Amino acid sequence: MSTASVIIWLFISVSILYVVHFGLYLMGADFYDVWQQRRRGSTGPRRRTQSRAECAATATSLHDDTHEVEGLVSVVLAAHNEEATIVATLDSIGRSTHPHVEVLVADDASTDLTGRLVRDYQVRHPEMDLRIVRMRKNVGKGEALNAALRRHARGQFVMTLDADSMIRPDTIANALSYFEDPTVAGVAANVQILQTTRTTLGILQRFEHMIGYRSKKLYSLLNCEFVVGGVASTYRMRVLRKVGFYDTDTLTEDIGLSAKITSLGNRRFRMIYGADVVAQTEGVLSLRALAKQRFRWKYGSIQNLIKYRGMMFNPSRRYTHSLTFYRMPMAVLSEFTLLLSPLVWVVVAYWSVVTQSPALLIGAYLTISAYTLLTVWRDENLPMGERFRLSLYTPAAYFLFYVMETVQLIAMLRCFASPRALFEGSESTTWSSPTRAGSVALDRAA
């Protein structure tokens, strides 16, 4: 058998595998929606939580570093030069229907007006329990969050936000509802790209987020999720204390935290996706910014896969088989298929031309387009008008995904330039925020 034939059969095999995955994602999402309806219907009366005044009074009698206020949620924002968006983010928190919230802004040595804007907000909104924790130097996002959490957070639960993100009024309350299950340690939010950026790059990121987060419905049902982003992720404070908060030796401290909690045993410490825990964030504004972002995500993801490789194929009863024999191996496999994708596509394109049979290319296009269209129309958070608008972009989505795949491939190749840190951890912990559009506003129609 020739090399070209081997590659063709490899392409077909991998394609079949991913088609099966798409089918599982679709069915899993439907079963997840049914589970959500039953969960809402079976939720009994909530236990009474303390009022704002009661929370504040209780908090003053407790030591910040050892006690938690029942029912209180500590919303922590890590900020570095976020003057363009931080006020809008604070406004969205202020509209929360959950009354028991404290807000901590971990200002990581900002050199712009971030600190002044937060202090002005404190004066203009005395009803909000808002504090700013100032870093003397740029220590990095993970360490800035740790400083706020260890010494200042008093909540029974913790939600982290980026300073360019927005939450809906019911986001915090919806997140807390999942913790009625005592085995739930963390809740991943449904993060959407704001509609304010209607460029080709913005639309691409919207499609990517919609498809990526829909897959989390299946992972929640199978109890095999271990990747939780930093936007509106919510945890029990006691679990964060148990694992020592964020590690700072990888480029993605948020994924590192959820993987570290999962490594305790995901039968007892579960990660759940909350489709109704909606948060919105700005997409990056340029290909250069996208490349920088995806390199950090790719490098950090690989670092954490290596760091927690002991969970893969682990027969321990602490873990579900769906995590150790399915979710983690597939995460590794996806990285390898990304590396092989250029070679595969070149050979497939050549074979299609030589044999004058474009069936493989047409089949791939139709499969991805159909799956994208189904994702758009089954998204419970999209208004009807937005579904129609995104449907018009769907025929081009297949080709847009090649842009993202190219960016991801370049990011993967760049990772190999510093292979040592993949295994030993990153030394640099400083960070810089991407350029913001400065027009963050919650999508009211959503």
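Look up: the structure comes first, before these words.
So, here is what we can say about the structure in this document. Predicted model, so just to flag it, every value in this text is computed and none were measured. (Residues numbered from 1 in each chain as written. Predicted model: local features only at pLDDT ≥ 70, side-chain atom pairs only at ≥ 80, totals over all residues. Heavy atoms only, no water.)

**A closer look at the side chain of T114**
Then comes step 1: Examined against the element boundaries, T114 turns out to sit in helix 4 (residues 114-124).
Then comes step 2: At 2.7 Å, the side chain of T114 forms a polar contact with the backbone nitrogen of E82.
Then comes step 3: If we skip the residues at most four places from it in the chain, T114 touches A79, N81, E82, E83, I86 and D107. (Helix = DSSP H or I, 4+ residues; strand = E, 2+ residues; numbered from the N terminus. Polar contact = N/O pair within 3.5 Å; in protein donor to acceptor, adjacent residues only side chain to side chain. Contact = heavy atoms within 4.5 Å.)

**A short note on the pairing of strand 1 (residues 69-79)**
Then comes step 1: In terms of residue burial, strand 1 counts as a mostly covered element, since 10 of its 11 residues are buried.
Then comes step 2: Strand direction decides the pairing type here: strand 1 and strand 4 (residues 155-162), joined by seven bridges, are parallel. By the bridge assignment for strand 4, V76 is matched with T160.
Then comes step 3: Note that strand 1 and strand 2 (residues 101-107) share seven bridges and pair parallel. From the neighbouring strand, L77 faces strand 2, where its bridge partner is V105. (Buried < 20%, exposed > 50% of the residue type's maximum accessible area, 1.4 Å probe, protein only. Pairing = 2+ DSSP bridges.)

**Quick look at the environment of F269**
Then comes step 1: Along the chain, the position of F269 falls in the loop between helix 9 (253-262) and strand 8 (270-281).
Then comes step 2: By relative accessible area, which is 6% here, F269 ends up buried.
Then comes step 3: For the pair F269 and V184, spaced 85 residues apart in sequence, the C-alpha to C-alpha distance is 5.8 Å.
Then comes step 4: Apart from residues no more than four positions distant in its own chain, F269 is found in contact with T183, A185, V239, K242, I261 and L264.

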